[in-house]
Amino acid sequence: MGSLQEMIETLERDQAIELITQRLSSGENPVAILNDCREGMTRIGELFQEGDYFLAELLLSAEIFKEAAALLSPHLQKEGATDVCGTIILATMRGDVHDLGKNILATLLRAQSFDVHDLGVNVEPTDLLQKVKEIEPDFVGLSALITTSFESSKQAVDMLEEEGLRGKFKLLVGGGVTTNTFKDHIGADFQTHDASAGVEYCIEYMRKAG
Amino acid sequence: MSNEGYERVQTAMRLEPTDRIPVVPTLLPEPAAGLAGVLLGDMVKDNTLVVETIFKVFDEYGGWDAIYPGFYIPIQLQVMGNFPMKMSISGQELAPDIPFQLNEQEILQVEDYDRIAEIGYDKFFQEDYLWRITKATPDEVKKHMDQLIAADGLFTRCCANRNISRLFTGNGTHPFFTLSLMRSMVPFTQDVYYNPEPVERALQRMTDDLIAAKLAEMKHWDSNIWLFTEERAGGYFFSPKMFERFWWPYTRQIVEAMWEHGIVTLFHLDTCWDKNLAYFKQLPRGSIALELDGTTDLALAKEILNDHACLKGDVPAALLALGTPEEVASYCKEKIDIVGAGGGYILGTGCSVPPNVKPENFRAMIDTAKNYRPKAVL
């Protein structure tokens, strides 16, 4: 039998979940199990960046991690284990109800210890503003599959500017219809069609920020 | 069908040089509403208003070479199976100025793959699946289809009055894409990896059914182009290994069956297909055209498929919604110069014209194709 990291890397879903269950039953520290899962997910990200893995593999690994996290969560809470490396708010803004890409990014970020606040789809600019005030995130990520959310995204950023909050986080935009034109239009810091690149951006920024 | 614009399109499809690059924007009801100042909440109920709005825009912008025959109201796309999903509709689940959208939900179940393989897709869809996704009653479904047939007649008359043609007549969704929409992306991807045999049985049956249905459908039209849509199979989503197993064999069967009857398959391919372009060289020269959405590298497509497949695209939606007319014109000229050289190119939009396109940008795109003459083309 391979290691948990290898099982996740090779997308052996059932075997990975079975091994996690066994290790929890044997009383192993859930933090160690979680770290192994994260190591597997990091390797998935590397394989994606190297062009050996595709969105399908990212998506499958994200599903494995979600199942693993659901198993580990009660044990981690008992241990009081919290190691957040950064905080991000994600949203698909008003005018767009698509969320596949956003959901993949959310799971991949959680796999890398980010605290993700997912506001969902068709989000009003005022709701985003409120959430930014409330949790003071390191990042805000806006997802768009159609251009009809461009206007509400810009409105939200303008509101954040007016409140003096825009300089306090990095703004990411992603999704099929986003381009550098859109990134420049709303003054975002980063644009991608690639969830893995979004995760890399956040990790690198937090690493540099110390 | 014979008119100057359509002949220009056909010439490009045959990979021959044209007097100028033909232009065919994917003008669907949603951007037509935006350009004509009509509320989407009104458009979703009335096919006649949709047809009138599309042609109002066509006339106001001086026309173009062939017209995209998308004169639906959203629920008809659901009923006909183009988008076999639950929907949120303008003025109903969504605000009246927001375009209809598809709800990604797991409706198809694993056991349905073999049901499709057994009884065929159409029977499965009409007798079972449709009623899982639609709010319409059988009587309402019939009414919607009758409305669509009436709109088709109006659309035909509007084309005849202007001596223009539809870009394509038949259209279909790739079986792979259809299953992904019905099952939703995550479970479908899991099925493909962890339980592939039922998926393959359904894909083969759907391929056989699609070929028979489309060949029959195309007999009724004086046209040799049909539109074939796929948005989830390219190298952005799947490895070449998966692509070769689950997409390419079925695609090849379909294209070759159509081409045996002289029918050209116009692929509508969203997301990035850079890693898949070379596969299309395996298909007969001139049997296909690729409509690309701005994420596939059109210049690379030209390099790989030059003198083999006509290309169409790809002014990005974001540029049309946010850019300036100068930026749009510059983008179009660059594509005409690079991709249009030697023929085999139709200037089009990346996917559809966005609902919030700036009118001046739409005009810049149409006018650039009409007026720009690169040396390479002349």
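Just so it is clear, the model here is predicted, and its values are computed rather than measured.

Peer 1: Help me out: how do you make sense of the pattern of salt bridges in this one?
Peer 2: A side chain with one charge may pair with a side chain of the opposite charge, provided their charged atoms come close. Residue and element names in this part refer to chain A. Under the counting rule described, the total for this entry stands at 39 salt bridges over all chains. Residue Lys66 pairs with Glu63 through a salt bridge whose shortest N-O separation is 3.1 Å. With Lys66 and Glu63 both in helix α4 (residues 55–79) and 3 residues apart, this pair spans about one turn of that helix. The exposure class assigned to Lys66 is partly exposed, which follows from its relative accessible area of 42%. With a closest N to O distance of 4.0 Å, Asp189 and Lys170 form a salt bridge. A residue pair is termed long-range when its members are at least 10 positions apart, and Asp189 in the loop between α8 (180–186) and β5 (190–192) and Lys170 in strand β4 (residues 170–174) qualify at 19 residues. When its relative accessible area of 29% is taken as the criterion, Asp189 is described as partly exposed.

Peer 1: Please explain the nonpolar core as it appears in this structure.
Peer 2: Of all hydrophobic cores here, the largest spans 152 residues; its most connected members are B:Phe55, B:Trp64, B:Leu179, B:Phe280, B:Leu290 and B:Phe362. Examining the composition of this core, we find that 11 residues originate from one element, α4(A), more than from any other. Each of domain 1 (4–79) and domain 2 (86–209) of chain A accounts for three or more of the residues forming this core. Contacts of B:Phe362, omitting those with residues within four sequence positions, involve B:Pro25, B:Leu27, B:Leu35, B:Val57, B:Tyr61, B:Trp64, B:Val353 and B:Val357.

Peer 1: In this structure, what is going on with the sheet that holds strand β2 (residues 114–118) of chain A? I would like to understand it.
Peer 2: Pairing between the strands of a sheet is mediated by backbone hydrogen bonds and can be parallel or antiparallel. Residue and element names in this part refer to chain A. With respect to topology, 5 strands assemble into an open sheet ordered β2-β1-β3-β4-β5, the strand pairing being parallel. Looking at strand neighbours, the two that pair on one side only are β2 and β5, the edges of this open sheet. Put simply, the sheet's adjacent strands are angled 20° from each other on average, direction ignored. Where strand β3 (residues 139–143) and β4 come together, 5 bridges link them in parallel fashion.

Peer 1: Where do I start with the interface of chain A and chain B in this structure?
Peer 2: Size of an interface, as often reported, equals the accessible area lost when the parts are brought together. Each partner contributes to the interface: chain A provides 27 residues, whereas chain B provides 30 residues. Together, the buried faces of chain A and chain B total about 2,500 Å²; carbon and sulfur atoms form 70% of this surface. Three residues stand out in chain A for area buried against chain B, namely A:Phe54, A:Leu60 and A:Leu100, and they jointly supply 23% of the buried area on that side. Scanning the region where chain A abuts chain B turns up 9 residue pairs in polar contact (both at pLDDT 80 or more). Contributions of two or more residues to the side of chain A that touches chain B are made by α4 and α8 of chain A. Class assignment for the residues of the side of chain A that touches chain B results in 13 nonpolar, 10 polar and 4 charged.

Peer 1: I would appreciate a short explanation of the side chain of A:Thr178 in the present structure.
Peer 2: All names here are of chain A. Its location among the elements puts Thr178 in the loop between β4 and α8. You can call Thr178 buried: its relative accessible area is 0%. At 2.8 Å, the side chain of Thr178 and the backbone oxygen of Gly175 are in polar contact. A polar contact of 3.0 Å, which involves the side chain of Thr178, links it to the side chain of Gln191. In this structure, Thr178 is in contact with Ala144, Val173, Gln191, Thr192 and His193, ignoring residues within four places of it in sequence.

Peer 1: What exactly am I supposed to notice about the packing of helix α3 (residues 30–49) of chain A against α4(A) here?
Peer 2: The description of two helices packed together rests on the angle between their axes and the distance between the axes. Residues and elements named next belong to chain A. In the contact formed by α3 and α4, the axes pass within 9 Å of each other and the chain directions differ by 165°. By the criterion of interaxial angle, the relationship of α3 to α4 is roughly antiparallel. The handedness of the crossing between α3 and α4 comes out as left-handed. For the pair α3 and α4, contact is made by Pro30, Val31, Ile33, Leu34, Cys37, Arg38, Met41, Ile44 and Phe48 and by Leu55, Leu58, Ser61, Ala62, Phe65, Ala68, Leu72, His75, Leu76 and Glu79, respectively. Split by residue class, the contact of α3 with α4 holds 15 nonpolar, 2 polar and 2 charged.

Reading guide: rules and limits
Residues numbered from 1 in each chain as written. Chains lettered and ligands numbered in written order. Predicted model: local features only at pLDDT ≥ 70, side-chain atom pairs only at ≥ 80, totals over all residues. Heavy atoms only, no water. Salt bridge = Lys/Arg side-chain N within 4 Å of Asp/Glu carboxyl O. Helix = DSSP H or I, 4+ residues; strand = E, 2+ residues; numbered from the N terminus. Buried < 20%, exposed > 50% of the residue type's maximum accessible area, 1.4 Å probe, protein only. Core = buried A, V, L, I, M, F, W, Y, C linked by side-chain atoms within 4.5 Å. Domains from an automatic or database assignment. Contact = heavy atoms within 4.5 Å. Pairing = 2+ DSSP bridges. Axes fitted to C-alpha atoms, helices over the stretch in contact; angles between N-to-C directions. Buried area = accessible area lost by both parts, 1.4 Å probe. Polar contact = N/O pair within 3.5 Å; in protein donor to acceptor, adjacent residues only side chain to side chain. Nonpolar A, V, L, I, M, F, W, Y, C, P; charged D, E, K, R; others polar. Parallel < 35°, antiparallel > 145°, perpendicular 65-115°, else oblique. Left-handed = near helix turned anticlockwise from the far one by under 90°.

Everything listed is a geometric property; what it means functionally is a separate question.
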